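Residue-level structure breakdown
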Amino acid sequence: MLAAHLDPLAASLFSLMAIASLLLAFIMLGSRWIRHYLYAFAAESWLIAALSAAVGYYGNYPELYLIAILTFLFRGLFLPYLIFRIIHRLNIAREVHVILQASSSLVIGAMAVVFALTVAARIGAELGLSGTIVVLALTVMLSMKLIGFLMLTVRHEAISQILGLLVLENGIFLGAQILVPGMPLLVEIVILFDLLIVVACFGLLVQYLQTHVGTTSSLALRRLVG
Amino acid sequence: MMAGGFALAIALAPAVAIVLILLTRRAAVAEGLNLVASAIVFPAAILLLVAVRGGPQVYWHGYIILDGLGAWSVLCAAVVYLLASIYAVGYMRLLDEPRRLSRFYALFAGFALTTLVGPLMNSAGVYWIAIELTTLVSTFLVAFEHAPESIEAAWKYIIVVSGGISLALLGTVLFYWAGSLVFGPSYAMTWAALRDAAPRANHALLLLAFLLVLIGYGTKVGLAPMHTWLPDAHSEGPAPVSALLSGALLNTAMVGIVRYLAVVDAAGIGALPRAVLVVLGAVSLLVAALFIVRQRGIKRLMAYSSVEHMGVIALGFGFGGPLGIAGALYHMLNHSLNKSLMFFGAGSAMRSYGTKNIGGIRMVARRFPAFGALWLAGAVAITGAPPFGLFASELTILRAGMRSSAVWAALLMAVLLIVIFIGFLNHFRIMYFEPAAADRVPSGQISLWCVVPMWGALLPLLALGLWWPDVLWSYFATIAHALGGTVALAGAAP
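Residues numbered from 1 in each chain as written. Chains lettered and ligands numbered in written order. Predicted model: local features only at pLDDT ≥ 70, side-chain atom pairs only at ≥ 80, totals over all residues. Heavy atoms only, no water.

Looking at the overall build of chain A
From N to C terminus, chain A includes seven helices and zero strands. Starting at the N terminus and ending at the C terminus, chain A contains elements arranged as α-α-α-α-α-α-α. For chain A, with 226 residues in total, the buried portion stands at 56%. Taking the contacts inside chain A whose residues are at least 6 apart along the sequence as the reference set, 77% of them involve residues at least 24 apart. In the structure as shown, chain A presents an accessible area of about 9200 Å², 69% of it carried by carbon and sulfur atoms. (Helix = DSSP H or I, 4+ residues; strand = E, 2+ residues; numbered from the N terminus. Buried < 20%, exposed > 50% of the residue type's maximum accessible area, 1.4 Å probe, protein only. Contact = heavy atoms within 4.5 Å. Areas by Shrake-Rupley, 256 points an atom, 1.4 Å probe, with all protein chains shown as cover.)

Next up, the structure:
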């Protein structure tokens, strides 16, 4: 497998990109301004696109170049643009009610990373791959997943929840590039298109939410209980 | 080759209907087209079931698999699709929105299409995409009535289910990775390939991947504690949509869990996954029992009953063995029939009395004698009383449980089923026989379009309860064999 015997330069390049995306997830977690989330998400997607290209180059997977371009176009430009338009139209700048202070969510996020590292180290040891980039990729994959769920829980603006879901998927994308670069192309292309549909759905729903419920905060969604 | 033709008919009929509906955009035409599509799908599903008895067949470069489990789940979905399409004709006219009706039917056929083809996907990745598509299409159906409640339900539905499903994607990637350590970096990720790789793959990795997949698809199945979207989505969509969500969609997602269970069984590490599945099933029953007893909304009552029955099916597959699998599969069909009947009844009662609250529905027995008797029979059936089909399947699952090492789960299941029986029928006693406090007079008659599908669900249910055909036993035995033979929860060797 590619990740097990990489040359040192490639390994450190991949590590750098993975860690930078994790840091961007923390920026999303620590800020209350919705625009910051969006910029961080776009930057994260660009990093993942660059990572795809790098994996394609070092591992000789030419189809990954195509995925890199698609990721950059759809997840890096088109999705942020759509969300930007929705933010602009809805005229919301930041989370008004905070369930958890930024500092506390950062600490919880850090604990999530430690947990992810424990799991990843255990799996790495099982496979005899301790100390390789595999452990790092698994850590970043799992911790971005956990941070995404954390964002879904403590944020309640509709836009933040959409971005939280996208972070969930970004984590999987990033990990999959390093761990299973040979995963059938069809799947990855369809996932890209699938995300487009998701955003179209969300765009519609956000509009519905505002016209019919009068707010885009999920705190107001409390009619259906029990 | 026969089976491939039937599968094609199942996929093409709704697809062509969608295109024609979008082209004509007339409510009356859309109604008819959808009905015709469902009338084609149903016999094709039965023929498909017969055609795959010889063993699994693979089509279209290995992307489509026609096997017993998939065909069975397709049959469950096709039954609900047919009944719900008939019911929709009567029910949707009451909404009095003729302009949006064609859009409704296009979405409805699309939703049926995704649930019908999902179980036939041979690639774990494409199966995930099919399940995600069901969510996308059905969100719009849940939000169709545009009331604040339906939009709230749709929002919770898409957020909770997408979040859960993304865990299943992570699990899928990890499964592929585990396989790639055996086969090399690129291979077709079919179910068969995963099962071949499993014995040589790393067990810790497989366990982690399976647990992620179980939580992910478990969200879609509505197993507690990931069921939170289910009562909202099922109660706020139009009644035919609720029937399709409950009777067809939940089974489609369950198929994925069962297929992955076969993979970990092949690796010989099925004990922990089965135990987790049994615990999730038991928790679902417990949560459902608590919420059924104190429920106030009529459709929410039905929704929690779905959580209950998905818990029962999870217990059946968790206990495993030929008996557990046969019981769970039989329960799938019985539940699909019965839950359609219940949602149809709830929808009609809701429209006639103009309220979703159990408190507002009174004296059903006197106001609608014929319809009331039918709905009441369904309520007796869904609580697992004889002589209906659910009694037979629940008893089989209980027997499988008593033979397994998880006897506690079987005993808990028996106790909770009794609690649910009392709680559920108490609501019906109040609705049928208690006099109304404020005299609310229900309006209008219940149309024939709405009553006929209820008969269409009740009669087969009665037949399946009185007579469990030998053909089905041997069919279930074939499926159980294909899923890994006689692997069951530890200590259950028959």
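Text resumes after the structure shown.
Some thoughts on the interface of chain A and chain B
Taken residue by residue, the interface counts 49 residues in chain A and 48 residues in chain B. Between chain A and chain B lies a buried interface of about 4400 Å² when both sides are counted; carbon and sulfur atoms form 78% of it. Counting every contact that joins chain A to chain B gives zero salt bridges. Our enumeration of links across chain A and chain B arrives at three residue pairs in polar contact (both at pLDDT 80 or more). (Buried area = accessible area lost by both parts, 1.4 Å probe. Salt bridge = Lys/Arg side-chain N within 4 Å of Asp/Glu carboxyl O. Polar contact = N/O pair within 3.5 Å; in protein donor to acceptor, adjacent residues only side chain to side chain.)

What to know about the packing of aromatic side chains
Scanning all chains against the criterion turns up 34 aromatic pairs over all chains. Ring centres of F424 of chain B and F428 of chain B lie 5.5 Å apart, and the angle between their planes is 20°; this geometry places the pair in the stacked category. On the criterion of helical spacing, the pair formed by F424 of chain B and F428 of chain B is a turn pair, its members being four residues apart in helix α17 (residues 407-433). Taken individually, F424 of chain B and F428 of chain B each receive the classification buried, so the pair is uniform in this respect. Ring pairs connect the aromatic residues Y353, F368, F371, W375, F424, F428, Y432 and F433 of chain B, which therefore count as one cluster. Between R75 of chain A and the ring centre of F173 of chain A, over which it is positioned, the NZ or CZ distance is 4.9 Å. The positively charged end of R100 of chain B is found above the aromatic ring belonging to F144 of chain B, 4.2 Å away from the centroid. (Phe/Tyr/Trp six-rings, centres within 6.5 Å; stacked < 30°, edge-to-face > 60°. Lys NZ or Arg CZ within 6 Å of the ring centre and 35° of its normal.)

Looking at the pattern of salt bridges
A side chain with one charge can pair with a side chain of the opposite charge if their charged atoms come near. Residues and elements named next belong to chain B. Tallied over the entire structure, the rule returns ten salt bridges over all chains. Here K156 makes a salt bridge to D232, at a shortest N to O gap of 3.6 Å. Taken together, the residues K156 in helix α6 (residues 148-183) and D232 in helix α9 (residues 229-236) connect sequence positions 76 residues apart. Taken together, the shared-partner salt bridges in this structure form one network comprising E152, K156, D232 and R300.

Details of the packing of helix α3 (residues 68-94) of chain B against helix α4 (residues 98-117) of chain B
Residue and element names in this part refer to chain B. Contact pair α3 / α4: the axes reach a minimum separation of 10 Å and the direction vectors enclose 170°. When the axes of α3 and α4 are compared, the pair comes out roughly antiparallel. Contacts from V74, A77, A78, Y81, A84, S85, A88, V89 and M92 in α3 reach L101, F104, Y105, F108, A109, A112 and L116 in α4. (Axes fitted to C-alpha atoms, helices over the stretch in contact; angles between N-to-C directions. Parallel < 35°, antiparallel > 145°, perpendicular 65-115°, else oblique.)

Observations concerning the confidence of the model for chain B
The share of residues in chain B with pLDDT of 70 or more is 97%, and the mean pLDDT across the chain is 91. Taken together, the stretch residues 490-494 of chain B has pLDDT below 50 and engages in six contacts with residues farther than four places along the chain or on a different chain. (pLDDT = per-residue confidence, 0-100.)

So, the side chain of S404 of chain B
Residue and element names in this part refer to chain B. Tracing the backbone shows S404 in the loop between α16 (389-403) and α17. Of note is the side chain of S404, whose polar atom sits 2.9 Å from the backbone oxygen of G401. In terms of polar contacts, S404 uses its side chain to reach the backbone amide nitrogen of A406, at 3.1 Å.

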